[in-house]
Amino acid sequence: LSDNLIMQLASIFGWDIDFALEIRTGDTFSVVYEDQYLDGNAIGQGNILAAEFVNQGRNYRAIRHTDSEGRSAYYTPEGESMRKAFLRTPLDVFWISSHFNPNRKHPVLDVTRPHEGTDYAANTGSPIRATGDGKVASARYSSSYGNVVEIQHGQSYRTLYAHMTGFARGIRTGATVQQGQIIGYVGATGLAAGPHLHYEFHVNGAVRNPVTVDLPNGAPLSSDELSKFKLATIGVIALLDNPAVQYAEDSLNTDSPS
């Protein structure tokens, strides 16, 4: 696969699989993608049409679908959106330096204090992304959190990002943000022993473990679109089910392009 297709694959499954922490020996994947030709000459690779990833025994499948308005996205074979309402992590490159822990000893204060989030260690200046669409409830400086941003996502969800070296342009209380938008940069402001992001996830006012919390799905296909989707994806699902047989059948069809 090209670098572009590898990044496509990680993006498609990135809401379900943490590719930095959860990949294991024995995981497998299958990809159905477009090869592009012009006058019989290969000119590159296009979109992933369908993919399967087996991660630690859990099976995930994604099928590309373009709706009647020309918008393309990936869905499960049942028509549920692969896109979650939240990204699993707010950083692209990191390692977890401190897990969610109600009995953690604070590394600076040296007292037992609940750690109501996950600490992602990363280089100073690494971009921090909003994990979901929402409105900035607060962008301020705190003596403990340093530069901190809180985002309200509808009525039920709120996320918090702390110890930033600074905010991204336009990030202020009341600003609207979109999932994946850069809101600030990793730092060590406030009570921090080193550069990292402290990230919290709240549901209906109660803090949850960001690593294990169930993330709500995006919008599924409508009933009309689902019927079109089911009909249009029979072929690529069959190819995922048995690629060897499908390839053999295609190679015997002389009317089909190779």
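To keep things clear, this report deals only with the structure shown in the data block. Note that the structure is a prediction, hence the values are computed from the model and not measured.

We now examine the overall build of the chain. Across its full length, the chain holds four helices and 14 strands. Every one of the 258 residues in the chain was classed for burial, and the buried ones make up 40%. In the chain, the share of contacts with a sequence separation of at least 24, taken over all contacts with a separation of at least 6, comes to 61%. Surface summary for the chain: the accessible area is close to 14100 Å², and the carbon and sulfur share equals 50%.

Moving on, we get to the nonpolar core. The nonpolar side chains of soluble globular proteins are, as a tendency, buried together. Counting residues in hydrophobic clusters, the biggest one holds 25 residues, and the most contacted among them are Leu 91, Ile 128, Val 149, Tyr 161 and Ile 183. Secondary-structure elements contributing two or more residues to this core are β9 (146-153), β10 (157-167), β12 (182-186) and β13 (196-203). When residues in this core are grouped by element, the largest group, four residues, is from β13. Counting residues in each nonpolar core, the second largest holds 13 residues, with Leu 9, Ile 12, Ala 62 and Met 82 among its members.

Side chains of Leu 1, Ile 6, Phe 29 and Tyr 33 sit close together on the surface and give an oily, nonpolar patch of about 360 Å² of accessible area. Along the polypeptide, Phe 29 turns up in strand β1 (residues 28-38).

Our next topic: the sheet that holds strand β3 (residues 58-66). With respect to topology, four strands assemble into an open sheet ordered β1-β2-β3-β4, the strand pairing being antiparallel. Looking at which strands have only one partner, the edges of the open sheet turn out to be β1 and β4 (72-75). For this sheet, the mean angle separating the axes of adjacent strands, direction not counted, is 25°. Judged from the four bridges that link them, β3 and β4 form a sheet pairing that is antiparallel. Across the sheet, residue Arg 64 finds its bridge partner in β4, namely Tyr 74. Where helix α3 (residues 234-241) meets the sheet, it contacts β1, β2 (41-55) and β3, and its direction lies at approximately 155° from that of β3.

Here we come to the packing of aromatic side chains. Taken as a whole, this structure holds ten aromatic pairs when the rule is applied. Considering the side-chain rings of Phe 29 and Phe 53, the 5.8 Å spacing of their centres and the 15° angle between planes classify their relative orientation as stacked. Here the residue Phe 29 occupies a position in strand β1, and Phe 53 occupies one in strand β2, the gap between them amounting to 24 residues. Taking 6.5 Å as the distance between ring centres and 50° as the angle between the ring planes, the aromatic pair formed by Tyr 120 and Tyr 199 counts as tilted. Taken together, the positions of Tyr 120 in strand β6 (residues 118-121) and Tyr 199 in strand β13 put the pair 79 residues apart, joining distant regions of the chain. Of the two residues examined, Tyr 120 and Tyr 199, each falls in the buried class.

Once that is clear, we can look at helix α1 (residues 3-13). Residues of α1 that are buried include every one of Leu 5, Gln 8, Leu 9, Ile 12 and Phe 13, and no others. For α1, the arc enclosing every buried residue in end-on projection is 115°, short of the 170-degree limit, so these residues lie on one face. Looking at α1, the residues exposed on the side facing more than 90 degrees away from the buried face are Asp 3 and Met 7. As for α1, its buried residues are in contact with β1, β2, β3 and β4.

For β9 and β10, the ladder comprises six bridges, and the chain directions are antiparallel. Bridging across to β10, Asn 147 finds its partner in Met 164. Taken together, β9 and the strand that follows it, β10, pair antiparallel across an intervening segment of three residues, in which Gly 154 is found at a positive phi of about 65°. Alignment of β10 against β13, held across six bridges, turns out to be antiparallel. Residue pairing across strands places Leu 160 opposite Glu 200, the latter belonging to β13. Looking at chain direction, β10 and β12 are connected through three bridges and run antiparallel. Of the residues in β12, the one forming a bridge with Phe 167 is Gly 184.

Bringing the pattern of salt bridges into the picture now. If the charged atoms of two oppositely charged side chains come close together, the side chains can form a pair. What the rule picks out here adds up to eight salt bridges. The salt bridge involving Asp 67 is made with Arg 71; its shortest N-O contact spans 3.0 Å. Judged by its relative accessible area of 16%, Asp 67 is buried. Residue classification places Arg 71 among the exposed positions, given a relative accessible area of 52%. Here Arg 140 makes a salt bridge to Glu 150, at a shortest N to O gap of 3.0 Å. Taken together, the residues Arg 140 in strand β8 (residues 134-142) and Glu 150 in strand β9 connect sequence positions ten residues apart. If you follow the salt bridges from partner to partner, you end up with Glu 52, Arg 61 and Asp 241 in one network.

Each value, and the rule that gives it
Residues numbered from 1 in each chain as written. Predicted model: local features only at pLDDT ≥ 70, side-chain atom pairs only at ≥ 80, totals over all residues. Heavy atoms only, no water. Helix = DSSP H or I, 4+ residues; strand = E, 2+ residues; numbered from the N terminus. Buried < 20%, exposed > 50% of the residue type's maximum accessible area, 1.4 Å probe, protein only. Contact = heavy atoms within 4.5 Å. Areas by Shrake-Rupley, 256 points an atom, 1.4 Å probe, with all protein chains shown as cover. Core = buried A, V, L, I, M, F, W, Y, C linked by side-chain atoms within 4.5 Å. Patch = residues over 30% accessible without salt bridge, like charges linked within 9 Å, V, L, I, M, F, W, Y side chains within 5 Å. Salt bridge = Lys/Arg side-chain N within 4 Å of Asp/Glu carboxyl O. Pairing = 2+ DSSP bridges. Axes fitted to C-alpha atoms, helices over the stretch in contact; angles between N-to-C directions. Phe/Tyr/Trp six-rings, centres within 6.5 Å; stacked < 30°, edge-to-face > 60°. Arc of directions from axis to C-beta.

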